[in-house]
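# Analysis of the macromolecular model
Here's the letter readout for the chains.
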Amino acid sequence: GAVVSQHPSRVICKSGTSVKIECRSLDFQATTMFWYRQFPKQSLMLMATSNEGSKATYEQGVEKDKFLINHASLTLSTLTVTSAHPEDSSFYICSARGATGASGGYTFGSGTRLTVV
Amino acid sequence: AQKITQTQPGMFVQEKEAVTLDCTYDTSDPSYGLFWYKQPSSGEMIFLIYQGSYDQQNATEGRYSLNFQKARKSANLVISASQLGDSAMYFCAMRDGGNNAGNMLTFGGGTRLMVKP
């Protein structure tokens with residue numbers, strides 16, 4: 001079945017540094033990638049939607065200059081948290097869809113737990 | 001307005017018994033999809049079951065079944081013969097619109113299921 005590899009699974013960084021999270025679709029072409037953030041004991045909140053080769057569409061309240069999304073190819077999308085602060089500590093998870101979605105349709109990465117100290 | 005509502009923040013069930021997790025949704029689009037995911041403590045999102053708005057029959061996948069009541073806009077998940085490994089967070093999600101790659105998922109607040117031995 002469809003697989004999305006997300007790395008790193010866990011990262012600790014210092015306040016003020018940047019962190020890059022990668023999501024790769026291993027066996028299908030991901031025309032659309034969704035990036036979610038999940039705070040402890042809360043639900044998944046969509047941050048942005050990216051389509052290959054075009055700029056990401058950000059949800060209201062999400063700073064596009066802070067959360068840089070690049071979807072340069074059909075198999076790779078990256079989320080860079082720039083100048084990270086402790087309040088950015090969260091669980092980030094990507095979800096990819098191909099051009100023809102099956103009934104399941106959405107393939108999730110395994111998530112990245114970011115801790116900013 | 002909240003599109004997906006899960007009214008049970010937490011539930012207990014005795015091992016080997018059945019349990020129903022509630023989900024109601026709101027949409028004006030005649031074409032939509034409903035999903036259930038399981039999220040264990042590791043954070044990964046495990047797809048369980050899907051129901052399309054035009055599907056005539058309730059979806060079933062092994063021990064999981066979806067009680068789809070379109071007029072009431074509910075899509076409850078039924079887990080039969082609960083197992084200890086079923087203890088996790090469960091999220092109901094909806095895709096508004098047709099099965100196009102660009103349509104995002106909106107998640108409910110989740111229900112934490114705890115299976116008692």
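Summary of the structure given here.

About the thresholds
Residues numbered from 1 in each chain as written. Chains lettered and ligands numbered in written order. Predicted model: local features only at pLDDT ≥ 70, side-chain atom pairs only at ≥ 80, totals over all residues. Heavy atoms only, no water. Helix = DSSP H or I, 4+ residues; strand = E, 2+ residues; numbered from the N terminus. Rg over C-alpha atoms; globule rule 2.2 N^0.38 Å. Contact = heavy atoms within 4.5 Å. Pairing = 2+ DSSP bridges. Axes fitted to C-alpha atoms, helices over the stretch in contact; angles between N-to-C directions. Core = buried A, V, L, I, M, F, W, Y, C linked by side-chain atoms within 4.5 Å. Buried < 20%, exposed > 50% of the residue type's maximum accessible area, 1.4 Å probe, protein only. Polar contact = N/O pair within 3.5 Å; in protein donor to acceptor, adjacent residues only side chain to side chain.

As a further point, take the overall build of chain B. The helix and strand tally for chain B stands at zero helices and 12 strands. Counted from the first residue to the last, chain B has its helices and strands arranged as β-β-β-β-β-β-β-β-β-β-β-β. Here the C-alpha atoms of chain B give a radius of gyration of 14 Å, agreeing with the 13 Å that 2.2 N^0.38 yields for 117 residues. With the C-alpha coordinates of chain B rotated into their principal frame, the extents come out at 40 × 30 × 25 Å.

Once that is clear, we can look at the environment of B:Glu61. All names here are of chain B. Residue placement: Glu-61 occurs in strand β7 (residues 60–61). Spatially, the C-alpha atom of Glu-61 lies 9.9 Å from that of Ile-79, the residues being 18 residues apart in sequence. Discounting chain neighbours no more than four positions away, the residues touching Glu-61 are Leu-48 and Ile-49.

Let us look at the sheet that holds strand β1 (residues 4–7) of chain A. What holds strands together in a sheet is hydrogen bonding between their backbones, with the strands either parallel or antiparallel. Residue and element names in this part refer to chain A. The sheet built from four strands is open, its strands ordered β1-β3-β8-β7 with antiparallel pairing. The sheet is open, and its two edges are formed by β1 and β7 (67–73), each paired on a single side. Each adjacent strand pair in this sheet contributes to an overall mean axis angle of 15°, direction not counted.

Attention now goes to the nonpolar core. All names here are of chain B. One finds Leu-21, Tyr-25, Trp-36, Ile-49, Leu-77, Tyr-90 and Leu-113 to be the most contacted residues of the largest nonpolar core, which totals 25 residues. The set of elements that each furnish at least two residues to this core consists of β2 (10–14), β3 (19–21), β5 (32–39), β6 (46–52), β8 (64–69), β9 (74–79), β10 (88–96) and β12 (111–116). Sort the elements by how many residues they give to this core and β10 lands first, with four residues.

Moving on, we get to unusual backbone geometry. Cis geometry is adopted by the peptide bond preceding A:Pro8, which originates at A:His7 and carries an omega value of -5°. By secondary structure assignment, the location of A:Pro8 is in the loop between β1 and β2 (10–13). One non-glycine residue, A:Ser83, lies in the positive phi region at around 45°. Relative to the assigned elements, A:Ser83 resides in the loop between β8 (76–81) and β9 (90–97). Given the relative accessible area of 34%, A:Ser83 is considered partly exposed. You will see that B:Ala81, though not glycine, has its phi angle at about 45°, which is positive.

Residue and element names in this part refer to chain B. Structurally, Gln-8 is set in the loop between β1 (4–5) and β2. A distance of 2.7 Å separates the side chain of Gln-8 from the backbone nitrogen of Asp-22, its partner in a polar contact. Not counting residues within four places of it along the chain, the set of residues in contact with Gln-8 comprises Thr-20, Leu-21, Asp-22, Gly-110 and Thr-111.

Remark: a regular strand shows side chains that alternate across the two faces of the sheet. All names here are of chain B. Residues of β12 alternate between two faces, with Thr-111, Leu-113 and Val-115 buried on one and Arg-112, Met-114 and Lys-116 left unburied on the opposite face. As judged from the five bridges shared by β2 and β12, these two strands associate in the parallel manner. If you follow Val-13 over to β12, its bridge partner there is Val-115.

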